[in-house]
Each structure stands twice: as structure tokens, then as C-alpha cells.
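Architecture at a glance
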Amino acid sequence: MNWLTQLFAAGRTPGNRVLPFVIVLLGVTTLASMANLMLPESSPLHVSTYTITLLGKYLSYAMLALAVDVIWGYCGILSLGHGAFFALGGYGMGMYLMRQIGDRGVYGNPDLPDFMVFLNWDSLPWYWMGMDQFWFAMLMVLAVPGLLAFVFGWLAFRSRVTGVYLSIMTQALTYALMLAFFRNEMGFGGNNGLTDFKEILGFDLQSDTTRVALFVTTALVLCAVYVISHLILKSRMGKVIVAIRDGEARARFLGYRTDRYKVWLFVFSALIAAMAGALYVPQVGIINPGEFSPLNSIEVVVWVAVGGRGTLYGAVIGALLVNYAKTRFTAIMPEGWLFALGALFVLVTLYLPKGLVGLRGQLAARRNNKAGKAVKQEVHS
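Keep in mind the model is a prediction, meaning the values are calculated, not measured. (Residues numbered from 1 in each chain as written. Predicted model: local features only at pLDDT ≥ 70, side-chain atom pairs only at ≥ 80, totals over all residues. Heavy atoms only, no water.)

1. Section: a nonpolar patch on the surface
Cut-off, in case you're wondering: Two joining distances apply to patches: 9 Å for like charges and 5 Å for nonpolar side chains (Val, Leu, Ile, Met, Phe, Trp, Tyr), and every residue must have over 30% relative accessible area and no salt bridge. In short, Shrake-Rupley with a 1.4 Å probe defines the accessible areas, and a residue's cover is counted only from the protein chains shown. Salt bridge, as applied in this entry: a Lys or Arg side-chain nitrogen positioned within 4 Å of an Asp or Glu carboxyl oxygen. Here a strand is any run of E in DSSP of at least two residues, a helix any run of H or I of at least four, and the numbering for each starts at the N terminus.
Taken together, the side chains of Leu147, Phe150, Val151, Trp154, Leu155, Met237 and Trp264 present a nonpolar region at the surface, about 690 Å² in accessible area. No other element matches the five residues that helix α6 (residues 134-158) contributes to the nonpolar patch. Locating Met237 in the fold gives a position in helix α9 (residues 236-253).

Structural data, given as C-alpha cells:
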């Protein structure tokens, strides 16, 4: 139990946000869940099932932002393709949920999903085999994005592709997958994707209890991922990763195989994004090729920049705030959201280079500079 003792000791050190983050997240999750299940709808403190589902979606996005912060904030790799890993994880979960429909679909076929019956498919494709088993589906949720991230990272980082070129490659990967999944021949529902889910592990997806359970599960997984990411990035490996970010040539000169560190961190980040996608799908009720859109990956980068990269908790805060603003703004002016998001990113880049979590330190530094200038003026006078 030494690791647990170290974690609690680290959580009490100044500037550390592990324990406060976990306590606040679990506390809010518990209160919201109890307010939904235990309080009547007439109560002013009642939290609707719609709100619970919305919060669950926000937490899935927060996990995705955390994945991007791990690779961008700590290793300096700006990935514009993490939406691909998120969507692949979502499709893995969607395939399992589609197999659970059975003969309750529109066409009543117990073996084939409705879209395959509509397209006159005779049998289930080989890559759908086993997806009716939850354990196998979850294994694929992690294995497929993880393998893709490993192959891509191994090829890119061994070739020493960095900077904007790597960002363009990740964006191209996402765009290629989007075009592929739009094709009906791929066997993933084409433009419509996968939807009309009925149950998960035998529980009705439309019931309040299941919705709350998914919300709580998402919060628990987010906490676990946050703690694991913190332990990795505060370890010796994490120090090497930060050294690679600040001076890869120097780290390589000291004998570190920087490409290996980058590949494994990229895979770890992709696995987080895949888990986020798998938790997102049953709560939202649909997964389609639009999730592969490069715009979605760029939007995740904005979340991290707004919250503050290189802090973990800043990425979570940025994802929650920006998505809440998106929900409110699109209800008022749907066409103007992209302009507002672009303006937000420009303002943060110019005036908040460390994001919202760095605002306090930025103001303190400005006050110290003014105080220092005043002291110098008094000395000279």
C-alpha cells in the first residue's frame, strides 16, 4: 500500500490538485445522483435525468480533454486527431449495444442490425463476431485505438516527425477514418451510424437508474484516469517526458530513447480517449462518422487551452466550461457558436497563455512586476 500512502502524501503538498479534484468530483456526482433518485420532481433541488445525462456527456468530454493534455501539455505533441480514438472507442461500444437489440429492431432480425437488413446483407461481418459479449467488446474498445496509436506513433516518432507536420498527419488520419466510416460498405451504418440502443448489460438505457449509473461510472473512470495520469507524470518517466517537451535534442543526447517515451505516452493518451468514447455513446444514444470530424479534435484543443494545459485539472475545467457555454450559446444562436469558439481561442492565446487556471499566477506576477518597478523608481529618486 506504499503507492496509496504516497498518493495521499502528494495530495497534501502545496500546489497539488489530486485529492481536491477527486473529492469535489465525487462529491458533486453523489449529490447530483441522490437529487435525481431520491427527490421528487416537484422539489426545487431535484436534478432531472436530462441534466444527469448532460453531465455524463460533459465528463466524457473532460476525459477526452485530459487525454489531449497528457500528450500536448506534458510532452509538447499537439495532436489534432484524438477525435479518431474517441470515435473508435465509441464505435466499439456502439457495436456491443447494437448486438444487444436482437429481434427488437424494426425488421425483427435476431442476428443482423437493422441497417444491415436494409442493405440486404446476408450475414454478420467477421469483425462483428464476439461483439455481443461485453468483455470482448470492451477489449476491442481499447485494443483497436491502442494498436492504431502504437503503429502511427511508432512510424511518426521514429521518423522524428514533429511540430506542425505531426499535427497535420494526425488530422489527416482522422479525416481518412471519417471518409471510410461514411461508406456503407464498411458495415458501420454509414452516414447514420449506430443508434436505437435498448439496453446495456441487461439494464434498460432509458431508465433513470441506468442513466445515473452511467453518470457515476463516468465520474469514477475519470477519477481513476486522473490519478493514474498524475502518478505517471510525477514519476521518473514523467520527468523524462517533460524534458523531451522542453528540449528533445538534449534528452536524446543524454541517452534517452525519446521516440519510445513518446510512443507509449501517445498510446496511453489514445486509450483514455477511447474509454471516453465508450462511456459517451450509451449516454448520448448514437455514434456516427461525424465524431471523426477534424473540427471536433480541434475543439478539444481549445478546451485544453482555455482551461490551462500541462495541469490535468485545467483540461477538465476547460472541457466542462466550454461545453456548458456551447449548450447555452447554441440554444440562443446556433450559427454563431463556431465564431464564438474561434474568438475565445484567440483571446485565450493572446491574454491567457496559461489558461484560466493560470490566471491567478499571471495576475500575481503582474502585481510583483509593478511593485518591483515602484521600488526601483524610489531607489533611483
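From this point, the discussion proceeds with the structure in view.
2. Some words on the pattern of salt bridges
Close approach of charged atoms allows side chains of opposite charge to pair. Counted only if it meets this: Burial classes: relative accessible area under 20% of the type maximum marks a residue as buried, over 50% as exposed, and values in between as partly exposed (1.4 Å probe, protein chains only).
Tallied over the full model, the rule gives eight salt bridges. Notably, a salt bridge pairs Lys262 with Glu248, separated by 3.2 Å at the nearest N-O pair. Here Lys262, found in helix α10 (residues 258-284), pairs with Glu248, found in helix α9; they are 14 residues apart in sequence, far enough to count as distant. Judged by its relative accessible area of 19%, Glu248 is buried. For the salt bridge of Lys326 with Glu299, the shortest nitrogen-to-oxygen distance reads 3.4 Å. One end of the pair, Lys326, is in helix α12 (residues 313-332); the other, Glu299, is in helix α11 (residues 294-307), with 27 residues separating them in the sequence. Each member of the salt-bridge network shares a partner with another, and the members are Glu248, Arg252 and Lys262.

3. Section: the nonpolar core
We count it as follows: For the purposes of this section, nonpolar cores are sets of buried Ala, Val, Leu, Ile, Met, Phe, Trp, Tyr and Cys residues that join through side-chain atoms within 4.5 Å. Here, residues are in contact when the closest pair of their heavy atoms is within 4.5 Å.
Ranked by size, the top nonpolar core spans 107 residues in total, and within it Trp128, Leu194 and Phe292 carry the most contacts. Of all the elements, α10 adds the most residues to this core, at 14 residues. In contact with Phe292, not counting residues within four places along its chain, are Ala84, Ala87, Leu88, Tyr91, Thr174, Leu177, Met178 and Phe181.

4. Observations regarding α12
The condition is simple: Helix span, expected: 1.5 Å multiplied by one less than the number of residues in the helix.
Here α12 contains 20 residues, and its C-alpha end-to-end distance of 29 Å stays within 8% of the 28 Å for a straight helix at 1.5 Å per residue. Residues of α12 that are buried include every one of Tyr313, Gly314, Ala315, Val316, Gly318, Ala319, Val322 and Asn323, and no others. Close packing links the buried residues of α12 with α2 (18-37), α3 (49-72), α8 (208-233), α11 and α13 (337-351).

5. A closer look at the packing of α11 against α13
The following threshold applies: What counts as an axis is a line fitted to C-alpha atoms, over the stretch in contact for a helix, and the angles between N-to-C directions run from 0 to 180 degrees. The cut-offs work like this: below 35 degrees is roughly parallel, past 145 is roughly antiparallel, 65 to 115 is roughly perpendicular, and the gaps in between are oblique. Handedness of each helix crossing follows the sense of rotation of the near helix against the far helix: counterclockwise by less than a right angle gives left-handed, clockwise gives right-handed.
At a minimum axis distance of 10 Å, the contact between α11 and α13 shows a crossing angle of 40 degrees. Taken together, the axes of α11 and α13 lie oblique to each other. Crossing of α11 against α13: the hand is left-handed. Residue-level contacts link Leu295, Glu299, Val302, Ala305 and Val306 of α11 to Trp337, Leu338, Leu341, Leu344, Phe345 and Val348 of α13.

6. Remarks on the packing of α8 against α10
For clarity, the cut-off: Throughout, the ten residues Ala, Val, Leu, Ile, Met, Phe, Trp, Tyr, Cys and Pro are labelled nonpolar, Asp, Glu, Lys and Arg are labelled charged, and all others, Gly among them, are labelled polar.
Close contact between α8 and α10 brings their axes to 10 Å; oriented N to C, the two are set at 170 degrees. Between α8 and α10, the angle is such that the two are roughly antiparallel. Touching Arg211, Leu214, Phe215, Thr217, Thr218, Val221, Val225, Ile228, Ser229 and Ile232 of α8 are Phe268, Ile272, Met275, Leu279, Pro282 and Gln283, all from α10. When grouped by side-chain class, the residues that make up the contact of α8 with α10 number eleven nonpolar, four polar and one charged.

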